[in-house]
Amino acid sequence: MQLPAKMIHSLFLVNSSGDIFLEKHWKSVVSRSVCDYFFEAQERASEPENVPPVIPTPHHYLISVLRHRIYFVAVIQSEVPPLFVIEFLHRVVDTFQDYFGVCTEAAIKDNVVVVYELLEEMLDNGFPLATESNILKELIKPPTILRTVVNTITGSTNVGEQLPTGQLSVVPWRRTGVKYTNNEAYFDVVEEIDAIIDKSGSTITAEIQGVIDACVKLTGMPDLTLSFMNPRLLDDVSFHPCVRFKRWEAERILSFIPPDGNFRLLSYHVSCQNLVAIPVYVKHNITFREGSSQGRFELTLGPKQTMGKGLEAVLISSQLPRGVLNTNLNPSQGTYNFDPVTKLLSWDVGKINPQKLPSLKGSMSLQAGASKPDENPTINIQFKIQQSALSGLKVNRLDMYGEKYKPFKGIKYMTKAGKFQVRT
Amino acid sequence: MSASSAFNDEKGGSSNVGEPEYGHDPASGGIFSSDYKRHDDLKEMLDSNKDSLKLEAMKRIVAMIARGKNASDLFPAVVKNVACKNIEVKKLVYVYLVRYAEEQQDLALLSISTFQRGLKDPNQLIRASALRVLSSIRVTIIVPIMMLAIKEAASDMSPYVRKTAAHAIPKLYSLDPEQKDCLIEVIEKLLADKTTLVAGSVVMAFEEVCPERIDLIHKNYRKLCNLLIDVEEWGQVVIINMLTRYARTQFLNPNMNESLLEEGGGEKAFYGSDNDDDTDDEEDKEEKEKKKTEATAIVKRKPYVMDPDHRLLLRNTKPLLQSRNAAVVMAVAQLYFHLAPKAEVGVIAKALVRLMRSHSEVQYVVLQNVATMSIKRRGMFEPYLKSFYIRSTDPTQIKVLKLEVLTNLANETNISTILREFQTYIKSNDKDFVAATIQAIGRCATNIGEVRDTCLNGLVQLLSNRDELVVAESVVVIKKLLQMQPEQHSDIIKHMAKLTDNIQVPMARASILWLIGEYCEHVPKIAPDVLRKMAKTFTNEEDIVKLQIINLAAKLYLTNSKQTKLLTQYVLNLAKYDQNYDIRDRARFIRQLIVPTDKSGALSKYAKKLFLALKPAPVLESPFKDRDHFQLGSLSHLLNAKAGGYQVLPDWPEAAPDPSVRNVEVKESVPEWTKCSSREKRKEKKADKPFYSDSEGESGPTESADSASDTASGSESGSGSEESGSGSESEESNEESESASEEDEEEEGKKKKKNVEKIKARKPVPESESEPSSGEDVKKSEKKSKPRIGSSESESEEDDDSESESSESEEEESEEESEEETKKKKKTTASKPPSKPPKKENKKEKKEMSLLDFDDFDPAPSPSQVTPLNNFLSSSLVTDLEGLSLTDNVLSPTTIIPSGNLKTYELLHRITGEGLSVEYCFSRQPFSPDPHMVAVKIQFTNSATSEAKSLHVEDAKLQSGMRIKEFPEIEVLPAGETISVVMGIDFCDSTQAANFQLCTHTRKFFVSIQPPVGELMMPIFMTENEFKKEQGQLMGMNEITEKLTLEEKCQGEHAVVQRVTTAANLSRVPCGSDKECRFAGKTVTSGSLVLVSVVTKEDGAAQLTVNCEKMVIGTMLVKDIHQALTQ
């Protein structure tokens, strides 16, 4: 008789060279050999990210996520929504990152006890128990150098003795008894623009993905409201659980009791294509001639519709065709690099000066005798625009209720390129 | 810093030592000599008194476990530290224990008593973690202890502990599925819980233990819908998935009518398949017709009106589309897809498109689901077409899925943009992706007639591509397309014929050959030439190509035998000696078929018809077609195969089941657990309103009420706090409820102190008498809780305000009891008819108090139990498991004549026994040769024609400890005669069967006698006082209480007595009350006391209590008596 054993049965952490460096089992032990199926799939996949997230094996299912070049492989035994597991695994990675600063094999190995304690709290019998960072931090204190020293001397521990009060209240995301001498609340409005620009420079698709990240360090139980000048812009929104949904629906005001510390208040989506102003243009001329072993490469960048703000941290990358042996290019500014093995061209442009547009010109040498590549390379662009949200979203005001002190408030805007591609 | 470096050294050291082995043998973690040494010093560290050393040792052990090394030999050393004061050591010991207990069951038992003590700890965190660990220890022998612990935790006052109890249920179930019935009871109880904390966990338990018991959901359906938004995200997923299934069984298909209103072939099929998913075409059509006519009939009778509960579900899940958790969004999306009217499904598209921005694994799963949805509801995703455009940086598996979606979304209006997009994809470096694109183009071409020629031309152009894979894929797709209209495309066929010189990919070559063979009449000149070339290279071709060459030859022979006769024979001869038997067979077969000889029969006449029959064009279908018969978002859907434990999504019912089952009677709604009475009024308004929905609309009046009451409670609880001020400004009331619960916690502590005082004060009161004080409390809190319970659903607000106001002076007290009160209410509600006047109830409550003891005043279930319980706990578990009897000598056995109708069981049937039939019954007489044996009366009947000789028992196969006293051999049993004998069996107080052989002079029969638990005991006589005294000593773990509803026929004292004594061999204990029946007995083997009491209440409600030292016996006895009384 097959017993129901839902949810996550075991977790294996696999590094990029295919070694299992950590395992944790919640029910009975599942042999490591189950990962062989995973390794098989890994071998079949050309790229690390092409390993299917769900792999069926005769007795189990393997659901994995790849973050920071570590595969987190969960073993499950029966029907469970795959997204449930995937989302949870990502939450685990976020937590590790939150605790150790980085989520690398070394960091995990160094903190293996904390990792175990965390996993123990996050999952009970394979079912998520406490995943809220505020609660976890009350249960298990994040390791710091100072605490490590103190613990070693005094023999005291990282484990909290009290049940986090948040877990029982209606605001499970906030710990209680928060005290700060400087009460501050910072909000970052960060927008990423995803676009595909075609050969002729016209926009095929463009959308803006925005998030508001908050860093709130306020004493007590503050109740905040945040209102926008132009809330109608927000097309599709997802909230942190602390946001009162009805209030948003009715008044388009964000009303919430914030968690303590860093959190993502909301993410939103602006998709109306006409509204999206593309802040950069690319003039390109990349040609390969049939029969010749030389190719021409010309690229010029320029700002467009940036509302007077400068383009910064511009970085160009492009996967050149396999036939390209090497390049001989001259950047007018910044540095460029071409890796002849991976055929990856990257050009760190830096800031764009509208008076003197940056360009990269030169020739590519092709494999002799090889035929002309079918496809021109796609150009990926990264950039930043400070102090501006491309969609034009503006925060109107931030008010605090429920506490008597005056907090310090700050709002920052930024636009970044997301998946910004130019086809040539 | 030196200390920290030491710390690091240790880590580094251990990993340094570990590393080499790790390299050698990463999987097994085998133990080498160095390991032994290390383990020795770990043992020393664990035995030391210093917590820091212990901690360090535990850390190293955990690191070993994490690396997959075996640390089981440290078990004895580790388990000793289970009671360590240091909480981190303790936690790590727990980690260790859960990991290794299954392997070291005996030693693991040593730790159990610690957890049992932990279960009674005043700190809820400790109670919860004790239960968590206890239930995670997979040792079968502690199942009864786990069961009891879960039962108690399920009525704990801390919702966190109750949540843990819900989590423990599936653990116990997977350990021992036999506990299912008991666990379902606990689930039922927890389902009624009103806290959001518990809701998700208990539904998870429900899904694992008894997903088929959909009836348990009815009463909680609306509550779950309303709580949903406040449940933690993981719970939301589980609840939504469960409610999707529930709704499919309880409501009507909202698209039923629309499908009939709209006409048009495509649409019809489209909706029809909504109803029935995987039936065959023919059947499908018929069924659809049938359904349609049926449905039309229904429509004509009454138009579809959505059940308000169905609407409630849709309304309350919609906001969750905005969750940050992808799993929640997906859960809501599938709910809408499966349950919402067509017009409303569209809302999910936006949210799903948003998820595509997430990690690539999330994208992968979402795209799979979008692909399925987009087949059925194409319109939904059309506005988001461009979000599925492919970037060169996407992983291939994502690209292919996006392509799938784009293909599904293609229609006449957008096909040109999609094709333009495809054109760029074809140039990609990623060849797998290019191949997928070519197939996608082929599918677009078959689906949309207008662009077929364009696509075909495009594909033909690809035939000159340099990449062979691209060409090959194009050939395969072109072949499929050409089959649709070959006449017009003979030039394409010609073009392809030329390609045979260049293309080497077998599949493509085979496709070309097939095409030429099939349409050889369109290219009469080229075809023989191709065959000629192929005949030359035949021996070097791949198998599939060879087969197609044979086919081509056969077809040409049939149409143009003049030119190709010799070629064909040459090819067939080559094939005859091929290495592959398929090819040899094919050649032989075809030769017989096409070359007319005298032997070849009638078939050769029809060879042309056989080979050149018109073949239907292949249908290019999405692999995602009809995948939605799996619930979307599920693993099974993703794999397109049923995963273990998958719950099939039921079809809509033809007619809606009774919606009134979801009506909740006022009494059954249990108020929230942690509340202050001073806030009742507010709660009353809020009770059903979740966190998010509590604002606008009534914000004015609510707000003022809130803030007032809040400050009041603030001062009352004495926590002069930051919170008290907060309410005045905030418009939202959730904050108060939040601060309320906080205060509650603070109060908890206070409460406990008070409780202690109260217990002290009340100790002298004899428990058998109803206590006036607590009775009053009940009355008060009963009144108090009424309006609260009323909530929004209340139909009968019978409560008058004056009453509740008058009791306000005692508010503080009643407030504390409200929690316990709810528990009690839960116990009693089932028995109380809702229409009963309140006064009567109070009386009844009073009577019940004697049963409930001091329950009210302590977080632990009952203080009067504490003393014996502690004794019990401190005594080692081993003695407990041996069932040491304290009462054996005190009580002398008395014979009580059983109530006549003894149940007989069949031991041997007449037919299997070849004429000898044997029956047995438990005579309930003491077995005189050995008082520790159960007397079994065996009756032999010889219905054969000949006499049976020398009947005796032989070769008894018994469980250890069991004994058997055979009956004296029966020498002769004449035909037609009957004879009875008595044998004794010592069952060792277990219901294990006694197996033995029954022998006659000719035959041996294997038989077994399995006693019902009620027969394992014998009656003893007791006075009422003795009974109470003994009962008082058998509390806690040894007491099992169950509520039940008596069957109509057995209401009344006499009937109860009779049924109980029939079920179990007990004697009645005199009792003053006619509402209570008591019975006593002791087990035959060990003489453990068995006490049963049945308290009857109005309307057939009753409470059954069994006290028995042997918990297993007690549990089973409860089951049996319960059955006897209710059936």
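Residues numbered from 1 in each chain as written. Chains lettered and ligands numbered in written order. Predicted model: local features only at pLDDT ≥ 70, side-chain atom pairs only at ≥ 80, totals over all residues. Heavy atoms only, no water.

1. Side note on the overall build of chain B
- A count of helices and strands for chain B gives 49 helices and 15 strands.
- Total accessible area computed for chain B in this model is approximately 46800 Å², and 52% of it derives from carbon and sulfur atoms. (Helix = DSSP H or I, 4+ residues; strand = E, 2+ residues; numbered from the N terminus. Areas by Shrake-Rupley, 256 points an atom, 1.4 Å probe, with all protein chains shown as cover.)

2. Here's the deal with the overall build of chain A
- What chain A contains, in helices and strands, is 7 helices and 23 strands.
- Looking at chain A residue by residue over its 424 residues, the buried ones come to 58%.
- Here the analysis covers contacts within chain A between residues at least 6 apart in sequence; of these, 68% occur between residues at least 24 apart. (Buried < 20%, exposed > 50% of the residue type's maximum accessible area, 1.4 Å probe, protein only. Contact = heavy atoms within 4.5 Å.)

3. Description of the sheet that holds strand 8 (residues 994-999) of chain B
All names here are of chain B.
- Across the sheet, which stays open at both edges, the 4 strands sit in the order 6-4-8-9 with antiparallel pairing between neighbours. Looking along the sheet, the strands with just one partner apiece sit at the ends: strand 6 (970-973) and strand 9 (1004-1009). Pairwise comparison of adjacent strand axes, ignoring direction, gives a mean angle of 35 degrees for this sheet.
- Sheet topology note: the strand 8/strand 9 ladder contains 6 bridges and is antiparallel. Residue pairing across strands places Ala-994 opposite Ile-1009, the latter belonging to strand 9. (Pairing = 2+ DSSP bridges. Axes fitted to C-alpha atoms, helices over the stretch in contact; angles between N-to-C directions.)

4. Comments concerning the nonpolar core
- Judged by nonpolar contacts, the single largest core of 280 residues is most densely connected at A:Phe72 and B:Phe388.
- Among the elements that take part in this core, helix 19 (residues 326-339) of chain B stands out by supplying 12 residues, more than any other.
- Sequence-distant contacts of A:Phe72, defined by excluding residues within four places in its chain, comprise A:Leu11, A:Phe12, A:Leu13, A:Ile63, A:Ser64, A:Val65, A:Arg67, A:Leu89, A:Val93, A:Phe96, A:Cys103 and A:Ile108.
- In terms of nonpolar packing, the next biggest core, distinct from the first, is built from 67 residues, A:Val189, A:Ala214, A:Val270 and A:Val395 among them. (Core = buried A, V, L, I, M, F, W, Y, C linked by side-chain atoms within 4.5 Å.)

5. Regarding empty space enclosed by the protein
- Tallying each qualifying case throughout the model produces 18 cavities of 30 Å³ or more.
- Estimates place the volume of the second largest cavity at around 320 Å³.
- What lines the second largest cavity is a set of 25 residues, among which A:Glu79, A:Val80, A:Pro81, B:Glu207 and B:Asn241 lie closest to the centre.
- Put simply, the parts of the chain that give the lining of the second largest cavity at least two residues each are helix 2 (82-100) of chain A together with helix 12 (196-209), helix 14 (233-250) and helix 19 of chain B.
- Here the residues of the lining of the second largest cavity are counted per class, giving 13 nonpolar, 7 polar and 5 charged. (1 Å grid on protein atoms, 1.4 Å probe; cavity = no way out; pocket = protein on both sides within 12 Å on 5 of 7 lines; lining within 4 Å. Points joined across faces, edges and corners; volume = space filled by probe spheres on them. Nonpolar A, V, L, I, M, F, W, Y, C, P; charged D, E, K, R; others polar.)

6. A few points about the packing of helix 3 (residues 51-66) of chain B against helix 5 (residues 87-100) of chain B
Residues and elements named next belong to chain B.
- Between helix 3 and helix 5, the shortest axis-to-axis distance is 9 Å and the interhelical angle comes to 35 degrees. The way helix 3 lies across helix 5 gives a crossing that is left-handed. Across from Asp-51, Lys-54, Leu-55, Met-58, Lys-59, Ile-61, Val-62 and Ile-65 in helix 3, the residues of helix 5 making contact are Glu-88, Val-89, Leu-92, Val-93, Tyr-96, Arg-99 and Tyr-100. (Left-handed = near helix turned anticlockwise from the far one by under 90°.)

7. Quick word on the pattern of salt bridges
- By the definition in use, this model includes 54 salt bridges over all chains.
- A:Asp98 serves as the salt-bridge partner of A:Lys137, at 3.1 Å between the closest nitrogen and oxygen. Of this pair, A:Lys137 sits in helix 5 (residues 133-139) while A:Asp98 sits in helix 2, and the two are 39 residues apart along the sequence.
- A relative accessible area of 29% means that A:Lys137 is categorised as partly exposed.
- Taking the relative accessible area as the measure of exposure, A:Asp98 reaches 36% and is therefore partly exposed.
- For the salt bridge of B:Lys546 with B:Asp578, the shortest nitrogen-to-oxygen distance reads 2.9 Å. You can see B:Lys546 sitting in helix 32 (residues 543-559) and its partner B:Asp578 sitting in the loop between helix 33 (561-576) and helix 34 (581-594), a full 32 residues away along the chain. Of the two residues, B:Lys546 and B:Asp578, both sit in the buried class.
- A cluster of three or more residues bridged by salt bridges with shared partners is formed by A:Glu87, A:Arg91, A:Glu132, B:Glu233 and B:Arg324. (Salt bridge = Lys/Arg side-chain N within 4 Å of Asp/Glu carboxyl O.)

8. A look at the packing of helix 12 of chain B against helix 14 of chain B
Residue and element names in this part refer to chain B.
- Direction vectors running N to C along helix 12 and helix 14 enclose 50 degrees, while the axes themselves pass 8 Å from each other. What the angle tells us is that helix 12 and helix 14 run oblique. The handedness of the crossing between helix 12 and helix 14 comes out as left-handed. Of the residues in helix 14, those touching helix 12 at Ala-199, Gly-200, Val-203, Met-204, Phe-206 and Glu-207 are Gly-235, Val-238, Ile-239, Met-242 and Arg-245.
- A class-by-class count of the residues in the contact of helix 12 with helix 14 yields 7 nonpolar, 2 polar and 2 charged. (Parallel < 35°, antiparallel > 145°, perpendicular 65-115°, else oblique.)

9. A look at the side chain of B:Glu1076
Residue and element names in this part refer to chain B.
- Position of Glu-1076 among the secondary structure elements: in strand 13 (residues 1076-1083).
- Residue classification places Glu-1076 among the buried positions, given a relative accessible area of 15%.
- A polar atom in the side chain of Glu-1076 sits 3.0 Å from the side chain of Arg-1078.
- Residues within four places of Glu-1076 in sequence aside, it is in contact with Arg-1068, Cys-1071, Ser-1093, Val-1094 and Val-1095. (Polar contact = N/O pair within 3.5 Å; in protein donor to acceptor, adjacent residues only side chain to side chain.)

10. Observations regarding the packing of aromatic side chains
- Scanning all chains against the criterion turns up 27 aromatic pairs over all chains.
- Relative to A:Trp248, the ring of A:Phe228 lies with its centre 6.4 Å away and its plane at 90 degrees, an arrangement referred to as edge-to-face. Placement of the pair is A:Phe228 in strand 10 (residues 223-228) and A:Trp248 in helix 7 (residues 245-251), with a sequence separation of 20 residues.
- Taking relative accessible area as the criterion, A:Phe228 reaches 6% and is therefore assigned buried.
- Given a relative accessible area of 1%, A:Trp248 falls into the buried group.
- Both rings, one in B:Tyr221 and one in B:Phe251, keep their centres 5.9 Å apart while their planes meet at 65 degrees; by these two values the pair is edge-to-face. Placement of the pair is B:Tyr221 in helix 13 (residues 215-227) and B:Phe251 in the loop between helix 14 and helix 15 (256-261), with a sequence separation of 30 residues. The burial state of B:Tyr221 is the same as that of B:Phe251; both residues are buried. (Phe/Tyr/Trp six-rings, centres within 6.5 Å; stacked < 30°, edge-to-face > 60°.)

11. Remarks on helix 47 (residues 1024-1033) of chain B
Residue and element names in this part refer to chain B.
- Within the span of helix 47, buried status applies to Phe-1027, Glu-1030 and Gln-1031. Down the axis of helix 47, the smallest arc covering the buried residues is 100 degrees, so these residues share one side. Residues of helix 47 that are exposed and point over 90 degrees away from its buried face: Asn-1025 and Lys-1029. (Arc of directions from axis to C-beta.)

12. A few points about the sheet that holds strand 17 (residues 324-331) of chain A
Residues and elements named next belong to chain A.
- Spatial strand order, 14-15-20-17: 4 strands in an open sheet with antiparallel pairing. Among the strands making up the open sheet, the edge pair consists of strand 14 (280-288) and strand 17. Strand-to-strand twist in this sheet, taken as the mean axis angle between neighbours without regard to direction, amounts to 15 degrees.

13. Topic: the confidence of the model for chain B
Residue and element names in this part refer to chain B.
- Mean pLDDT over chain B works out to 72, with 71% of the residues at or above the 70 mark.
- Considering each helix and strand of chain B separately, the mean pLDDT is smallest for helix 38 (residues 699-717), with a value of 37, and largest for helix 19, with 93.
- This model gives residues 1-35 a pLDDT under 50, and the stretch forms 35 contacts once residues within four places in sequence are excluded.
- Taken over the whole predicted complex, pTM reads 0.66, whereas the ipTM for its chain interfaces reads 0.91. (pLDDT = per-residue confidence, 0-100.)

14. Section: the confidence of the model for chain A
- Residues at a pLDDT of 70 or more form 90% of chain A, whose mean pLDDT is 84.
- The least confident element of chain A is helix 6 (residues 145-154) of chain A, whose mean pLDDT is 59; the most confident is strand 5 (residues 70-76) of chain A, at 93.

15. Observations concerning unusual backbone geometry
Residue and element names in this part refer to chain B.
- Despite not being glycine, Asn-640 shows a phi value in the positive range, around 55 degrees.
- For Asn-640, the location among the structural elements is in the loop between helix 36 (635-639) and helix 37 (680-686).
- The class of Asn-640 is partly exposed, set by a relative accessible area of 35%.
- Positioned with a positive phi, Ser-950 is a non-glycine residue whose angle comes to about 40 degrees.
- Structurally, Ser-950 can be placed in strand 4 (residues 948-957).

16. Considering the pairing of strand 2 (residues 20-25) of chain A
Residues and elements named next belong to chain A.
- Most of strand 2 sits out of view: 6 of its 6 residues are buried.
- Direction of pairing for strand 1 (residues 8-14) relative to strand 2: antiparallel, over a ladder of 5 bridges. Within strand 2, the position partnered with Leu-11 by the bridge is Lys-24.

17. With respect to the environment of A:Thr95
All names here are of chain A.
- Position of Thr-95 relative to the elements: it lies in helix 2.
- Along the sequence, Thr-95 and Leu-119 sit 24 residues apart, while their C-alpha atoms lie 9.9 Å from each other.
- Excluding its chain neighbours within four sequence positions, the residues that come into contact with Thr-95 are Leu-118, Met-122 and Leu-136.

18. Quick notes on the environment of B:Ile390
- Counting through the fold element by element, B:Ile390 comes out in the loop between helix 23 (378-381) and helix 24 (396-409).
- In this view, B:Ile390 contacts A:Ile196, A:Arg423, B:Lys399, B:Lys402, B:Leu403, B:Leu406, B:Glu421, B:Tyr425 and B:Phe433; residues no more than four positions away in its chain are not counted.

19. A closer look at the side chain of A:Asp260
Residue and element names in this part refer to chain A.
- Of note, Asp-260 is situated in the loop between strand 12 (253-256) and strand 13 (261-270).
- Overall, Asp-260 belongs to the buried group, its relative accessible area being 10%.
- A polar atom in the side chain of Asp-260 sits 2.9 Å from the side chain of Tyr-180.
- If near-sequence neighbours (up to four positions away) are discounted, Asp-260 is found in contact with Asn-134, Arg-174, Arg-175, Val-178, Tyr-180, Val-216 and Lys-217.

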